[in-house]
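Overview (structure and organization)
Read off the chains here:
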Amino acid sequence: MPSSQNAPKPQDSPMWQEEEIHLSDYLQVLTRRKGLFLASFAIVFLLVALYTFMATPIFEASGTLHVRDEKGKVDLLGDLGLGQGSPIESEIEILRSRTNVEEVVRRLHLDWHIDKRSEDLSLRLLEFRSTAAEPVYRIELTEDAGYVVKDADGTRVGQGRAGELLRGDGIELLLTELVGEPGDSFRLTLRSFNRTVAGLREAIRANELGKKTNIIKLTYTHADPVTARDVVNTLAQVFLE
């Protein structure tokens, strides 16, 4: 007769109980920790607000181009090595080609950069050339629409007047519509042309707007809305030409 000594006793059996969790339990937790919750919410809100007010706004300009499927373009695309894909893909590559983007940079002078400008100073830059190894200049207004030019080391390299071409030590500069007070200044930099072109090509987006529509949507984003608009319009004009 089998022994019953090894049989599990009722008190040795595992006991599982389901604990019901109610909404009131969560509310009690939040109530006990409301200080931490409110502090965390306030910190997140402040960080989002600071980012919103301090972040540089970015503007996007876009345009559309309708490309006609002309048989006369076949030879041209073949000569450029772009005849293997669809016509619209080839046109997009032509649109974003380095030759076209270089022309946009030249027409808009995107390698010229003005910053650190006095608040009430306005001007128009028509000519800017430099042979300096570090083409960074500080232009400071003087009396009677005049100005002095200093290089990155603070050495004076030229002195000119608005509306007159300045030929200084390694720099040519033509400023017009120069309005400000004596002592107002701005920084003028000549960026690398090749790097400017490469950066612009990277930033330009072009894709077909809908499948087999032969419509190209061209977009470009920039912190300056006027620059964003001008890049799209100028590239479209260069492409059409």
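So, here is what we can say about the structure in this document.

Rules used throughout
Residues numbered from 1 in each chain as written. Predicted model: local features only at pLDDT ≥ 70, side-chain atom pairs only at ≥ 80, totals over all residues. Heavy atoms only, no water. Helix = DSSP H or I, 4+ residues; strand = E, 2+ residues; numbered from the N terminus. Pairing = 2+ DSSP bridges. Axes fitted to C-alpha atoms, helices over the stretch in contact; angles between N-to-C directions. Patch = residues over 30% accessible without salt bridge, like charges linked within 9 Å, V, L, I, M, F, W, Y side chains within 5 Å. Areas by Shrake-Rupley, 256 points an atom, 1.4 Å probe, with all protein chains shown as cover. Salt bridge = Lys/Arg side-chain N within 4 Å of Asp/Glu carboxyl O. Parallel < 35°, antiparallel > 145°, perpendicular 65-115°, else oblique. Left-handed = near helix turned anticlockwise from the far one by under 90°. Contact = heavy atoms within 4.5 Å. Nonpolar A, V, L, I, M, F, W, Y, C, P; charged D, E, K, R; others polar.

This next bit is on unusual backbone geometry. Although it is not a glycine, Ala145 adopts a positive phi angle of roughly 60°. Residue position: Ala145 is located in the loop between strand 4 (136-141) and strand 5 (146-150).

Further remarks concern the sheet that holds strand 6 (residues 156-161). An order of 2-9-4-5-6 is seen for the five strands of this open sheet, with the pairing classed as antiparallel. Two strands in the sheet have a free side with no partner beyond their single neighbour: strand 2 (112-115) and strand 6. For this sheet, the mean angle separating the axes of adjacent strands, direction not counted, is 25°. In terms of strand pairing, strand 4 meets strand 5 through four bridges, oriented antiparallel. Paired with Leu141 across the strands is Tyr147, a residue of strand 5.

A cluster of nonpolar side chains, contributed by Ile43, Leu47, Leu50, Phe53 and Met54, occupies part of the molecular surface with about 640 Å² of accessible area. Within the secondary structure, Leu47 sits in helix 2 (residues 34-54).

Our focus in this paragraph is the packing of helix 5 (residues 98-108) against helix 6 (residues 193-203). It is the contact of helix 5 with helix 6, at a shortest axis distance of 9 Å, that shows an interaxial angle of 115°. For the element pair helix 5 / helix 6, the angle class is roughly perpendicular. Like other packed secondary-structure pairs, helix 5 and helix 6 cross with a definite hand, here right-handed. Counted together, Arg98, Val101, Glu102, Val104, Val105 and Arg106 of helix 5 and Phe193, Asn194, Thr196, Val197, Leu200 and Arg201 of helix 6 form the full contact between these two elements. In terms of residue class, the contact of helix 5 with helix 6 is built from six nonpolar, two polar and four charged.

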